[in-house]
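Structural description and commentary
Here's the letter readout for the chains.
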Amino acid sequence: MTVRLTKIDCGLTVVSHAMDQLESAALGVWVGAGSRSEQANEHGIAHLLEHMAFKGTGKRSATEIAEQIEAVGGEVNAATSVEATSYYARVLKDDVPLAADILSDILTHSVFDPVELSREQHVITQEIGAALDTPEDRVYDLFVERAFPDQPIGRTILGTEETVRSFDRAAIIDYLARHYHGPSMVVSAAGAIDHDRLVDLTAEGLGAVATNAAPKPVAADYRGGEVREQRDLMEAQILLGFQGRRYSGEDYYAAQMLASVLGGGMSSRLFQEVREKRGLCYSIYAFHWAFVDSGVFGVHAATGETDVAELMPVILGELEKASADITEDELRKARAQTRAGLLMTLESPSARAGQLARQILIFGRPLPFTELIERVEAVSVDRVRRLASAIFTERAPTVAAIGPVGGLLDGERIAARLGSLATV
């Protein structure tokens, strides 16, 4: 595995993994600023900026950006998350210079034309409306808002219709100037890539970005709580969650494997007990989301009104048992799933480029696969059991539910059942 890293004068990191057997390359720019980097009056601006990046620069119109990349059979896109924003392309190896130039151009010379801005604001308000009308999306927004209330990390990535329509060109430029600094940016590439050439292209296109450190986001403060939206729907969407573990914490992989054992597939405990044996829901799974300084562990279930009352006690029963009887066989399967997920990134240059970028933003260095596998293998049954006991009792649970949820056990009773040290 050939991973190379170079830091250019502005503080930006260039990292690449050459995959000599490929004829294509994935490359992009990752910025350590997402929705949690926004001020209260900027809710949704990170996502809007991502949209506006493709709407024209000083030397390319929006149409020309699309035409130039598609003329060589490539593709370009972007994404906004809680803690990062990425702009990326996939092209054949000979077209890497074009992709690098387009990515640099949209990040340094976007014009943010008022007409394009108005059009994109309208598109995003439609996206917001679609999310509000989709219970399985809306319940996750409510869940995070209640887990991290009154703080940037708990706000939706899309923003609100009011805030999105309030932004003008000056507001976007101000946000860009505060957060898109060299020390917070990573150019990452994988596939048929020449590292030295990529460094030269990056220095040429992005070498003039600000060299000082960008402001740090507001620290996360998990609190938990309960929110319900009673709606006349065929299906109830239910989320039960707890404080998780941060990316760099020693229990990160233990939390990932706990989620796998409980609800990581068709053979998991929750799927087998709740869906297969009892038929209490259509779908159920567990997840663990990590952030730089916190995390959330959750269980999502979709069920009909007649099964709502019985569902939660069964879920709680499985959570309670996890701290006592997770087996070595279950953990062995979870380790295999985690290990496979890590190694499969080597088969996708896009996934590998994103993985390297996230590692640089979080750890400041690329993590060798040997180190990652050692961390996975070091997780013991006793460690996962102790983590389960801690996660499910140390802080108040978070409950979010939408639909015919009148019979759902309330947050106070859930906390009492689990013996939480804090209540809702």
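None of these values were measured; they are calculated from a predicted model. For every chain, the first residue of the written sequence is number 1, and numbering continues from 1 along that sequence. Only residues with pLDDT of at least 70 are given local features in this predicted model, and only at 80 or more are side-chain atom pairs given and counted; all residues enter the totals for whole chains, interfaces and linings. The side-chain values count all of the structure's non-hydrogen atoms but skip hydrogen atoms and water molecules.

Observations concerning the overall build of the protein chain
Our working rule: Secondary structure elements follow DSSP: runs of H or I no shorter than four residues count as helices, runs of E no shorter than two count as strands, and numbering proceeds from the N terminus. The globule rule is 2.2 Å times the number of residues to the power 0.38, and the radius of gyration it is compared with is taken over C-alpha atoms. Using a 1.4 Å probe on the protein chains alone, a residue whose accessible area is under 20% of its type maximum counts as buried, one over 50% counts as exposed, and one in between counts as partly exposed. Accessible areas in this description were obtained via Shrake-Rupley with a 1.4 Å probe; residue shielding takes into account the shown protein chains only.
Scanning the protein chain from N- to C-terminus turns up 16 helices and 11 strands. Against the compact-globule benchmark of 22 Å for 424 residues, the protein chain has a radius of gyration of 23 Å, which places it among compact chains. Considering only C-alpha atoms, the protein chain reaches an extent of 60 × 50 × 35 Å along its principal axes. Burial statistics for the protein chain: of 424 residues in total, 54% are counted as buried. Put simply, the protein chain shows about 18,000 Å² of open surface, and 49% of that area lies on carbon and sulfur atoms.

Some words on the layout of surface pockets
Put simply, the rule is: Points on a 1 Å grid, built from protein atoms alone, make a cavity when a 1.4 Å probe fits but cannot get out and make a pocket when they are open with protein on both sides within 12 Å along at least 5 of 7 lines; residues with an atom within 4 Å of a point are the lining residues. Grid points are joined across faces, edges and corners, and a volume is the space filled by probe spheres set on the points. Amino acids are sorted into nonpolar (Ala, Val, Leu, Ile, Met, Phe, Trp, Tyr, Cys and Pro), charged (Asp, Glu, Lys and Arg) and polar (every other residue, Gly among them).
Empty space within the second largest pocket amounts to approximately 200 Å³. Around the second largest pocket, the lining comprises 15 residues; the ones closest to its centre are Leu 107, Thr 108, Tyr 180, Val 209 and Ala 210. Going through the elements one at a time, α3 (96–108), α7 (169–179) and α8 (195–206) are the ones with two or more residues in the lining of the second largest pocket. Class assignment of the residues belonging to the lining of the second largest pocket gives a composition of 10 nonpolar, four polar and one charged.

Here we look at the sheet that holds strand β6 (residues 185–191)
Spelled out, the test is: Two strands pair if DSSP finds at least two bridges between them. In this analysis, axes come from line fits to C-alpha atoms, helices being fitted only over the stretch in contact, and the angle between any two N-to-C directions falls in the range 0 to 180 degrees. In this analysis, two residues are considered to be in contact whenever any of their non-hydrogen atoms come within 4.5 Å of each other.
Strand order in this open sheet of six strands is β1-β2-β6-β3-β5-β4, and the pairing throughout is mixed. Among the strands making up the open sheet, the edge pair consists of β1 (2–7) and β4 (75–80). Adjacent strand axes in the sheet meet at a mean angle of 15° when their direction is disregarded. Set on the sheet, α3 makes contact with β3 (24–31), β4, β5 (85–92) and β6; between it and β5 the angle comes to about 160°. Running at roughly 150° to β6, helix α13 (residues 349–363) makes contact with β1, β2 (13–18), β3, β5 and β6 of the sheet.

Remarks on the pairing of β1
Looking at chain direction, β1 and β2 are connected through six bridges and run antiparallel. Along β2, the bridge assignment pairs Thr 2 with Ala 18. Following β1, the chain reverses through five residues before pairing antiparallel with β2; Gly 11 in that reversal takes a positive phi of roughly 95°.

A word on the pattern of salt bridges
For clarity, the cut-off: The term salt bridge refers to a side-chain nitrogen of Lys or Arg lying within 4 Å of a carboxyl oxygen of Asp or Glu.
Summed over all chains, the structure comprises 32 salt bridges. Between Lys 93 and Glu 23 there is a salt bridge, and its shortest N-O distance comes to 3.3 Å. Here Lys 93 is found in the loop between β5 and α3, whereas its partner Glu 23 is found in the loop between β2 and β3, with 70 residues between them in sequence. Measuring nitrogen to oxygen at the nearest pair gives 3.6 Å for the salt bridge that ties Glu 161 to Arg 165. Taken together, the residues span about one helical turn, with Glu 161 and Arg 165 both in helix α6 (residues 161–166) at a distance of four residues.

Thoughts on the packing of helix α9 (residues 252–263) against helix α12 (residues 328–343)
Note the cut-off: Orientation categories follow fixed angle ranges, with anything under 35 degrees roughly parallel, anything over 145 roughly antiparallel, 65 to 115 roughly perpendicular, and all other angles oblique. Helix crossings fall into two classes, left-handed where the near helix is turned counterclockwise from the far one by less than a right angle and right-handed where it is turned clockwise.
Between α9 and α12, the least distance of the axes is 9 Å, while the angle of their chain directions is 115°. Between α9 and α12, the crossing angle belongs to the class labelled roughly perpendicular. Between α9 and α12 lies a crossing whose hand is right-handed. On α12, the residues touching Tyr 253, Met 257, Ser 260 and Val 261 of α9 are Glu 330, Leu 331, Ala 334, Arg 335, Gln 337, Thr 338 and Leu 342. Along the lines of polarity and charge, the residues of the contact of α9 with α12 split into six nonpolar, three polar and two charged.

Topic: empty space enclosed by the protein
Inspection of the entire model under this criterion finds two cavities of 30 Å³ or more. Estimates place the volume of the largest cavity at around 60 Å³. For the largest cavity, the full set of lining residues is Leu 27, Gly 28, Val 29, Ala 100, Leu 103, Ser 104, Val 187, Leu 198, Leu 201, Thr 202 and Leu 206. Of all elements in the fold, only β3, α3 and α8 reach the threshold of two or more residues within the lining of the largest cavity. Per-element accounting of the lining of the largest cavity gives the leading share, four residues, to α8. Counted by class, the lining of the largest cavity contains eight nonpolar, three polar and no charged residues. By volume, the second largest cavity amounts to about 30 Å³. Along its surface, the second largest cavity is lined by Leu 49, Ala 53, Tyr 87, Ile 106, Leu 107, Ser 110, Phe 112 and Leu 176.

Examining the environment of Gly 244
Tracing the backbone shows Gly 244 in the loop between β8 (235–243) and α9. Along the chain, Gly 244 and Ala 40 lie 204 residues apart, while their C-alpha atoms are 25 Å from each other.

Thoughts on the packing of aromatic side chains
Using the following cut-off: In this analysis, rings of Phe, Tyr and Trp, with Trp reduced to its six-membered ring, are considered paired at centre separations within 6.5 Å, and the interplanar angle assigns stacked below 30 degrees, edge-to-face beyond 60, and tilted for intermediate values.
Under the criterion given, the structure shown has 12 aromatic pairs. On the numbers, 6.1 Å between centres and 80° between planes, the contact of Phe 148 with Phe 291 is edge-to-face. On the criterion of sequence distance, the pair formed by Phe 148 in the loop between α5 (135–147) and α6 and Phe 291 in the loop between β9 (283–290) and β10 (295–304) is long-range, its members being 143 residues apart. Look at Phe 148 and you get buried, because its relative accessible area is 1%.

So, the sheet that holds β8
The strand order across the open sheet formed by five strands is β7-β11-β8-β10-β9, and the pairing between neighbours is mixed. At either end of the open sheet lies a strand with only one pairing partner, and these are β7 (225–230) and β9. Sheet twist, expressed as the average angle between the axes of neighbouring strands with direction ignored, equals 10°. Where β7 lies against strand β11 (residues 398–403), six bridges are found, and the strand directions are parallel. Considered in β11, the bridge of Arg 228 is made with Ala 401. Sheet contacts for α5: β7, β8, β9, β10 and β11; angle to β11, the most-contacted strand, approximately 155°. Packed onto the sheet, α9 meets β9 and β10 and runs at close to 175° relative to β9.

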